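# Structural characterization, general
Listed below, chain by chain, are the residues.
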Amino acid sequence: MDLRFLGTGAADWTQQDWDERPDTSRFLTCALVDDHILIDCGPTLFRAARAAGADLSRVDTVLLTHLHDDHYDPATLAALAANHPLTLYTEAESSAHIPVMQGLSVCPLQPELEVPLADGAVTAVLANHRVGAPAPNRPVHYLLRQGDATLFWGCDGHRLLCTTWAFLRRCRFDVMVLDGTFGDAPALPTYFEHNNIAHLTEMAQIFRGEGMLKPGGRVVMCHLSKEYHQDHDTLSARMAAEQILVARDGMCLTIPERGTAK
Ligand SMILES: [Zn+2]
Ligand SMILES: [Zn+2]
């Protein structure tokens, strides 16, 4: 399984950042698996793919985590579906809010029920995150499995719901991508929807302690706020001490081989 991060930023990055500081900015979080499975479909998808040198022409599957507009842009989804027929998977309540689009099939998911894909399987689990009115729905994380390769995608969310934890602790992963939105910011009301560095570090320790990471498995930090984080290199050096890899736009991981970040 090849995982390519197209965007690694949270919702506070702006057009001005992308236009004026392309080397230090982050596009909105989304990723491409094996060139044909897209995780989230926000408004910077096409620009992020161009910057990463990624070809989206083979994308036939979209795994949508939730309907916040940094993860879901109907115009971008429609443009993608116009190029190539797409099947979009998302939690059932979210799926009711996806408009009819040419070339798009929507497949509602029930939490914790695995669904087969062409070359593997996907399971949605409920995230500790929320989208408010007018489109209340249940954000999800994903477990993606292809042969022996297993990926956990955990953006967006704060720590884990206890029901999700009970499900996940039975699993073992090659890569776990976790929400690392807030750096060392002081206590914020939005802490209940996203992690800071302390939360994420604690989660990684628990996951390792519970044997949820396979030998050589990695924890990756993604969905990074502009306001609350240091520059990438400083943050990477700090998180390396915790055995946590900081995602950056364009980064590729071959799963399950280790030492393949580039
Ligand atoms: Zn987000
Ligand atoms: Zn969100």
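Before any of the text, the structure's been laid out above.
None of the values given here were measured: they were computed from a predicted structure.

## Thoughts on unusual backbone geometry
For the peptide bond that leads from Cys-155 to Asp-156, omega is 5°, which places it in the cis range. Mapped onto the elements of the fold, Asp-156 is located in the loop between β10 (149-154) and α5 (162-168). Of note, the bond from Ile-255 into Pro-256 is cis; its omega dihedral lies within 30 degrees of zero at 15°. As for its placement among the helices and strands, Pro-256 is situated in the segment after β14 (252-254). Of note in the backbone geometry, Asp-35 takes a positive phi value of approximately 65° without being a glycine. On the secondary structure map, Asp-35 appears in the loop between β2 (30-33) and β3 (37-39). Although it is not a glycine, Arg-159 sits at a positive phi angle of roughly 40°.

## Section: the sheet that holds β3
One open sheet accounts for seven strands, arranged β6-β5-β4-β3-β2-β1-β14; its pairing is mixed. Looking along the sheet, the strands with just one partner apiece sit at the ends: β6 (104-109) and β14. The mean inter-strand angle of the sheet, taken between neighbouring strand axes irrespective of direction, is 20°. As paired elements, strand β1 (residues 2-7) and β2 share four bridges and run antiparallel to each other. Residue pairing across strands places Arg-4 opposite Leu-32, the latter belonging to β2. Contacts between helix α2 (residues 45-52) and the sheet are confined to β1, β2 and β3, with β1 contributing the most and set at about 120° to the helix. Each of β3, β4 (61-63), β5 (86-91) and β6 touches helix α3 (residues 74-83); the most contacted strand, β5, lies at about 145° to it.

## Overview of the coordination of the zinc ion (ligand 2)
For the zinc ion (ligand 2), the full set of protein donor atoms is His-66 (NE2), His-68 (ND1), His-129 (NE2) and Asp-156 (OD), and the range of their distances to it is 2.1 to 2.3 Å. Coordination at the zinc ion (ligand 2) comes from four donor atoms whose angles at the metal span 93 to 163°, giving a geometry best classed as irregular. Between the zinc ion (ligand 2) and the zinc ion (ligand 1), the interatomic distance is 3.6 Å, and Asp-156 donates to each metal, bridging them. In this pair, His-66 is assigned in the loop between β4 and α3 and His-129 in the loop between β8 (120-126) and β9 (140-146), connecting sequence segments 63 residues apart.

## Quick word on the side chain of His-194
Among the secondary structure elements, His-194 is positioned in the loop between β11 (173-179) and α6 (197-209). A relative accessible area of 11% places His-194 in the buried class. Engagement of the side chain of His-194 in a polar contact is seen with the side chain of Asp-179, the distance being 2.8 Å. Aside from chain neighbours lying at most four places away, what touches His-194 is His-129, Asp-156, Gly-157, His-158, Asp-179, Thr-181, Phe-182, His-199 and His-223.

## Comments concerning the sheet that holds strand β7 (residues 115-117)
With respect to topology, seven strands assemble into an open sheet ordered β7-β8-β9-β10-β11-β12-β13, the strand pairing being mixed. This sheet does not close on itself; its edge strands, each paired only once, are β7 and β13 (244-246). Looking at each pair of strands side by side, their axes are set apart by 25° on average, direction ignored. Inspection of the sheet shows β10 paired to β11 by four bridges, in the parallel sense. By the bridge assignment for β11, Phe-152 is matched with Met-176. The strands touched by α6 are β11, β12 (213-222) and β13; relative to β12, the strand with the most contacts, the crossing angle is about 170°. Here helix α7 (residues 232-240) sits on the sheet and contacts β12 and β13; the angle it forms with β13, its principal contact strand, is near 170°.

The rules behind each value
Residues numbered from 1 in each chain as written. Chains lettered and ligands numbered in written order. Predicted model: local features only at pLDDT ≥ 70, side-chain atom pairs only at ≥ 80, totals over all residues. Heavy atoms only, no water. Helix = DSSP H or I, 4+ residues; strand = E, 2+ residues; numbered from the N terminus. Pairing = 2+ DSSP bridges. Axes fitted to C-alpha atoms, helices over the stretch in contact; angles between N-to-C directions. Contact = heavy atoms within 4.5 Å. Donors = N, O, S within 2.8 Å, 3.2 Å for Na, K, Ca; no water. Tetrahedral: all angles 85-135°; square planar, octahedral: opposite > 155°, others 65-115°. Buried < 20%, exposed > 50% of the residue type's maximum accessible area, 1.4 Å probe, protein only. Polar contact = N/O pair within 3.5 Å; in protein donor to acceptor, adjacent residues only side chain to side chain.

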